[in-house]
Every structure is written in structure tokens, then in C-alpha cells.
Amino acid sequence: MHIPVLLKETIEYLDIKENGNYIDCTLNGGGHTKEILKRTKGKVLGIEIDKEIFEKIKNENIERLVPVNDNYANLKNIVKENNFNNICGILLDVGMSSYHIDQSKRGFSFQKNEPLLMNYSSKLTAEEIINNYSEKDLEKILKEYGEEKFARKISIQIIKDRPIKTTFQLIEIIKKATPSFYHKNRTHFATRTFQALRIEANKELENLEKVLPQALELLKKGGTLVAISFHSLEDRIIKNFFKNHLKEVKLLTKKPILPDEKEIQSNPRARSAKLRAIKKL
Ligand SMILES: C[S@@+](CC[C@H](N)C(=O)[O-])C[C@H]1O[C@@H](n2cnc3c(N)ncnc32)[C@H](O)[C@@H]1O
């Protein structure tokens, strides 16, 4: 089960109004949404891109939840189609969920031997990226989206050893391409490559760039936008967007809010989470 990250802080920054409507752009199992619904008599529009996850939460038939299976990059259209208004707060808790790692069987985890899909809903899969992209393009995504310092070596090895079908095959290739000290790091040596492939397959950074201006436009005055991210590339996009709109918003978090030790201990996934929030003026 996915444990909601920074739940108390999210609720605090959303500053839930008794009759307000809210948007959860990353619904998943509704961890945050259920807490929002407890505090408002209004509705929550919950968007989830992954069909399997969406079906599960839809079948829970949660009262006052309007579930939508779509990409949050289409936020304005989704809101229009659902006649959703009086939007007092919007939440973004980006990236993958525990479901993707533990249950999806789509190759998100380097601890399981699975087909290399890594897609939430996109047609593009990690397998297609690995087996079809040029060496230069592979190196670029590993560098840019994975911040992988051995991007060049890994890309060269991928080209040599492809076709590559499974996570374990890919992990062996990364191992072959990188020095042995890299295999002893606390962070698994495949982490950055996996992150890069996931971001590319799902166009995650583009989607985030697209949703932020729409969210700000849709919020009513005094409404808040809370964004939780899990790596520096996402956090940078959020931070810069907030900084570039200081005439329209009040920054509620000068520095990002991080989970405390207790939360990290009970939910290791929270370790890299950062929360930033703004209020629309
Ligand atoms: C970190 S989880 C959210 C967890 C949720 N806040 C909770 O506590 O239950 C992120 C969710 O967003 C979904 N997602 C990722 N990209 C999306 C997108 N572009 N549009 C809509 N949902 C997306 C993922 O499938 C995943 O279920």
C-alpha cells in the first residue's frame, strides 16, 4: 500500500476550507484525498493517469470524489469537462507510487526481474527507448534525467549488448559498464538509469512544466498549490515556477519542507520528498 508522504504538512498548507473544492492531480490510492475530504464538505477532483490504479480507486466509490483517468498535463480541459469550480487548493505529489514498484510488474523495480516497460499509461516503453535510441540520445537522457555520471559508459554498453528485454539484463549491463566502487554505494548503481528511463517514457518533466501554469490559473484567489517532488529535477522546475510568479503568489515555503526522521523511518520512500507551497494573491 502507498503511504501518503508529508500528509500532515500537505493538509496544513492546503488550509482546507469547509466548503471548498480541491484537486488532487496525482490521486493514486487517495491517501491525501481521503484526508482532504474529511475536512471539507466540498468535492475533490482526483486525476490518475494509470488505468490499473484508477480502476481500483474508482471502485471504492468514495463520496464527493470525482475520479478522472487522465494526464494532469490536461488539467484545464479536465476541469472544464467536469464543470469543476471554486477551486481552493491543488495538490501535486508527483512520480511513481508503491504500486508501481511492488505490484505493477512493469519493470519499475531493480529488485525484480520484469519486462522493461516503466510506463504509467504512455505507449513509449523503457524497452523501446533502450533498444531504439541512438547512443547519443541515450547518453543525453541518462545525463539529463538521471544525472548519471557514467552515462556515456552505460550508453556504449547498452548499444553493444542490445536487444535488452528485462530489468535484470539491464542491471547486468549497468554493472559491467561502471567501476566496482560504484556498486558499493548506498544508492543502488542502477537507480539513476532507471529514473532517467522512467522520466523519458512518461514525459514526466514536460507534464510537470505543463500543469503548473494551469494550476495557478485555475486556483481561486487565496487558494493554495502544494507540490511534492522526489528528485532535484522536479524540485527545480517547481522552485523556478514559484520564483517566476512572485507577483501573483505568496511563497508559503521559503525553503522546501522535508519529512522528519520519524516519517523517514516508517516510510523510507519519504526520504527524498520535498514540499513547496504557494498561495494565489
Ligand atoms: C506519488 S503517487 C501519489 C500518491 C497519493 N498522493 C497518495 O498519497 O495516495 C503519484 C501518482 O501520480 C500518478 N501520475 C504520475 N504522472 C501523472 C500524470 N501526468 N497525470 C496524472 N497522474 C499521474 C502516478 O500514476 C501515481 O499514482
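As a further point, take the overall build of the protein. Each helix and strand counted, the protein has 13 helices and 7 strands in total. In the protein, which comprises 281 residues, the share counted as buried stands at 53%. For the protein, restricting intrachain contacts to residue pairs at least 6 apart in sequence, the fraction spanning at least 24 positions comes to 66%. For the protein, the exposed area adds up to about 13,900 Å²; of that, 50% sits on carbon and sulfur atoms. If the 50 positive side-chain charges of the protein are averaged to one point and the 38 negative ones to another, these points end up 4 Å apart.

On to the pairing of strand 2 (residues 44-47). Side chains of strand 2 alternate between two faces, with V44 and G46 and L45 and I47 buried alike. As judged from the 3 bridges shared by strand 1 (residues 21-24) and strand 2, these two strands associate in the parallel manner. Looking across to strand 2, one finds that Y22 is bridged to V44. For the segment spanning strand 1, helix 2 (residues 31-39) and strand 2, crossover handedness is right-handed. Where strand 2 meets strand 3 (residues 65-68), 4 bridges bridge the pair, whose relative direction is parallel. Pairing of I47 across the sheet is with V68, part of strand 3. In this region the chain leaves strand 2, passes through helix 3 (residues 51-58) and returns to the parallel neighbour strand 3; the handedness of that crossover is right-handed.

Near the ligand, the surroundings consist of 26 residues, among which N28, H32, E48, N71 and D93 are the closest. E48 places a polar side-chain atom, nitrogen or oxygen, 2.6 Å from an oxygen atom of the ligand. Contacts to the ligand include Y72, whose backbone N or O atom sits 2.8 Å from a nitrogen atom. Taken by itself the ligand offers 610 Å² of open surface, and the protein chains cover 99% of this.

In the structure shown here, the tally under the stated rule is 19 salt bridges. Taken together, the shared-partner salt bridges connect E35, K38 and R39 into one network.

Quick look at helix 1 (residues 7-14) now. An α-helix turns once every 3.6 residues. As a result, residues three or four positions apart point the same way. Burial in helix 1 covers these residues: E9, T10, I11, Y13 and L14. Buried residues along helix 1 sit against strand 1, helix 2, strand 4 (87-93), strand 5 (224-229), helix 13 (261-266) and strand 7 (274-280). D15, located one to two residues past helix 1, shows a positive phi value of around 50 degrees.

Read across the open sheet, the 7 strands follow the order 3-2-1-4-5-7-6; overall the sheet is mixed. Each end of this open sheet is capped by a strand with a single partner; those strands are strand 3 and strand 6 (249-251). In this sheet, adjacent strand axes meet at a mean angle of 15 degrees when their direction is disregarded. On top of the sheet, helix 11 (residues 204-218) reaches strand 4, strand 5, strand 6 and strand 7; it is set at about 165 degrees to strand 4, its chief contact.

What counts as what
Counting starts from 1 at the beginning of each chain's written sequence and moves along it residue by residue. Note on the predicted model: pLDDT of at least 70 is required for a residue's local features to be given, and 80 or more for side-chain atom pairs to be given and counted; whole-chain, interface and lining totals, by contrast, use all residues. To get the side-chain values, all heavy atoms of the structure are used, and hydrogens and water are removed first. Per the convention used, a helix needs a DSSP run of H or I reaching at least four residues, while a strand needs a run of E reaching at least two, with both numbered from the N terminus. Relative accessibility under 20% of the residue-type maximum defines a buried residue, over 50% an exposed one, and the middle range a partly exposed one, all with a 1.4 Å probe and only protein chains included. Here, two residues are considered to be in contact whenever any of their heavy atoms come within 4.5 Å of each other. Per-residue accessibility takes into account occlusion by the displayed protein chains alone, with areas from the Shrake-Rupley method and a 1.4 Å probe. Charge counting follows a simple rule: Lys and Arg are positive, Asp and Glu are negative, and His as well as the terminal groups are ignored. Taken as the charge location is NZ of Lys, CZ of Arg, CG of Asp or CD of Glu. A strand pair is defined by DSSP finding two or more bridges across the two strands. The handedness of a crossover follows from its direction of travel: if, with the strands pointing away from the viewer, the path from the first strand over the helix to the second runs clockwise, the crossover is right-handed. Nearness is defined per residue: one heavy atom within 4 Å of the molecule or strand is enough. Each polar contact in these results corresponds to two N or O atoms within 3.5 Å; when the atoms are within protein, one needs to be able to donate a hydrogen and the other to accept it, and residues that are neighboring in sequence are counted only if both atoms are side-chain atoms. In what follows, salt bridge is the name for a side-chain nitrogen of Lys or Arg lying within 4 Å of a carboxyl oxygen of Asp or Glu. For every element, the axis is a line fit to its C-alpha atoms; helices are fit only across the contacting stretch, and the angle between N-to-C directions ranges from 0 to 180 degrees.

Any functional reading would require information beyond the geometric quantities listed.
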